Amino acid sequence: MSELNTTVLILCAGKAERFNGHFKQLSTLGKESILGRIQRQVQTRGLQPITVTHHMDLKRVSVQWFEPEEYECTVDTLSNTRSLWAERTVVLLGDVVYSRAVMDYILHFDRDLVFYGDKWEIYALAFRKESWFILNDAILEAKEHYPGKFGTLYNAVCGNELDKNRGLLYEMRDAPYWIYVLDWTRDVDSFSQYKTALLELVGCGMLDGG
């Protein structure tokens, strides 16, 4: 782990609309929830995560929590965590099932500013104090565009055209500020993705580990 003071944030400020009002972060994977798994993974690597949420159900199961004033979109939520940013800040998403290897890589890898993801999704963000000005400018720009998600923020950081129809590039391996995630780490936006993630954890023997 870097010797820099590190803060780990888990963003969980969504509206629970895609799971029929159920918090997908609380969907169980064996003996633990998706959020519980992330918290355990961070704690066993020597850090105390902070869950960023306004939902009481998620606060109750969190090691520590912080309530953002704005949470209309992911960029809003991130913007409202500025008071928590440290010498190094790691931002995880509360609806992602991270593999052991990817969690190790995210928490140990040290670069001024880096996004982690594949050609479809962004799974995490890490940045050092030296990059706050870049990130702050990109947040302001991204908040003006729909949707205010991490993909929009990434394109703002890179100076790419911001358009609601522009997602990530098809091939991101050589993109700036980017670490390509190659394994089964995935976000859970639907019941089918949840079932797939569960089966993959069972298949690799890491249902309650990793």
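See the structure above.
From a predicted model like this one, the values you see are computed outputs, not experimental measurements.

## Examining the sheet that holds strand 8 (residues 113–117)
Stage number 1. Read from one edge of the open sheet, seven strands run 5-4-1-6-9-8-10, paired in mixed fashion. Every interior strand has two partners, whereas the edge strands, strand 5 (65–66) and strand 10 (178–180), have only one.
Stage number 2. The pairing of strand 8 with strand 9 (residues 122–128) spans five bridges and is antiparallel. Counted as the bridge partner of phenylalanine 115 is leucine 125 from strand 9.
Stage number 3. Along the sheet face, helix 4 (residues 100–108) touches strand 1 (6–11), strand 6 (88–93), strand 8, strand 9 and strand 10 and points at about 150° away from the line of strand 6.
Stage number 4. Against the sheet, helix 5 (residues 132–143) touches strand 8 and strand 9, its axis set at about 135° to strand 9.

## Side note on helix 6 (residues 150–158)
Stage number 1. Among the nine residues of helix 6, seven are classified as buried, and the element is accordingly described as predominantly covered.
Stage number 2. Listing the buried residues of helix 6 in full gives Phe150, Thr152, Leu153, Tyr154, Asn155, Ala156 and Val157.
Stage number 3. Where helix 6 terminates, the next one or two residues include glycine 159, which has phi positive at roughly 80°.

## Things to note about the pattern of salt bridges
Stage number 1. By the definition in use, this model includes 11 salt bridges.
Stage number 2. In this structure, arginine 45 engages aspartate 104 in a salt bridge whose closest nitrogen and oxygen atoms are separated by 2.5 Å. Placement of the pair is arginine 45 in the loop between helix 1 (34–43) and strand 4 (49–52) and aspartate 104 in helix 4, with a sequence separation of 59 residues.
Stage number 3. Owing to a relative accessible area of 16%, arginine 45 belongs among the buried residues under this scheme.
Stage number 4. Linked through salt bridges whose partners overlap, the residues forming this network are Arg88, Asp110, Asp112, Arg128 and Glu130.

What counts and how
- Residues numbered from 1 in each chain as written.
- Predicted model: local features only at pLDDT ≥ 70, side-chain atom pairs only at ≥ 80, totals over all residues.
- Heavy atoms only, no water.
- Pairing = 2+ DSSP bridges.
- Helix = DSSP H or I, 4+ residues; strand = E, 2+ residues; numbered from the N terminus.
- Contact = heavy atoms within 4.5 Å.
- Axes fitted to C-alpha atoms, helices over the stretch in contact; angles between N-to-C directions.
- Buried < 20%, exposed > 50% of the residue type's maximum accessible area, 1.4 Å probe, protein only.
- Salt bridge = Lys/Arg side-chain N within 4 Å of Asp/Glu carboxyl O.

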